[in-house]
Amino acid sequence: MASIGPVYALNLFDVIDREEYLAYSRRSAREVAAHKGKLVALGRFREAQKGDITPRQVLILVEWESREAFQRDLDDPAIADLHPHREKGTWNYIWHLFDRLEDLRPILNV
């Protein structure tokens, strides 16, 4: 199904191999931008407030022009060598996609 408008990729993870993740991060911002993605937030875990999710060290939130733009980034053979650095450099990865909403009416069926 084609998405309408932007999607957000929520990335939560721990860094387990500094060198591998550095190899990824040196190129990833440029590649994300080339595939119509934009870094929205980058954060380090501070404290748990509520919920049963195991805390992760790092939060990255990326806005993609569309779901298809996100997929093109994943599937681009020119950067196939990049993804293994992310995979080897991180642990406990959570990667969820969210559709952009202007308000909560679609969720609340209003």
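The structure we're discussing is the one just above.
Residues numbered from 1 in each chain as written. Predicted model: local features only at pLDDT ≥ 70, side-chain atom pairs only at ≥ 80, totals over all residues. Heavy atoms only, no water.

**A short note on the side chain of R56**
Working step 1: Its location among the elements puts R56 in the loop between β2 (37-44) and β3 (58-64).
Working step 2: Buried charge without a partner: R56 forms no salt bridge, and the closest opposite charge is D14, 4.8 Å away.
Working step 3: For R56, the side chain forms a polar contact with the main-chain oxygen of T54, separated by 2.4 Å.
Working step 4: A polar atom in the side chain of R56 sits 2.5 Å from the backbone oxygen of N92. (Helix = DSSP H or I, 4+ residues; strand = E, 2+ residues; numbered from the N terminus. Buried < 20%, exposed > 50% of the residue type's maximum accessible area, 1.4 Å probe, protein only. Lys, Arg positive; Asp, Glu negative; His and termini not counted. Salt bridge = Lys/Arg side-chain N within 4 Å of Asp/Glu carboxyl O. Polar contact = N/O pair within 3.5 Å; in protein donor to acceptor, adjacent residues only side chain to side chain.)

**A word on the pattern of salt bridges**
Working step 1: Within this structure, the stated rule accounts for 4 salt bridges.
Working step 2: E19 is the salt-bridge partner of R18, the closest N and O atoms lying 2.8 Å from each other.
Working step 3: R105 is the salt-bridge partner of D103, the closest N and O atoms lying 2.5 Å from each other.
Working step 4: On the accessibility criterion, D103 (30% relative accessible area) is partly exposed.

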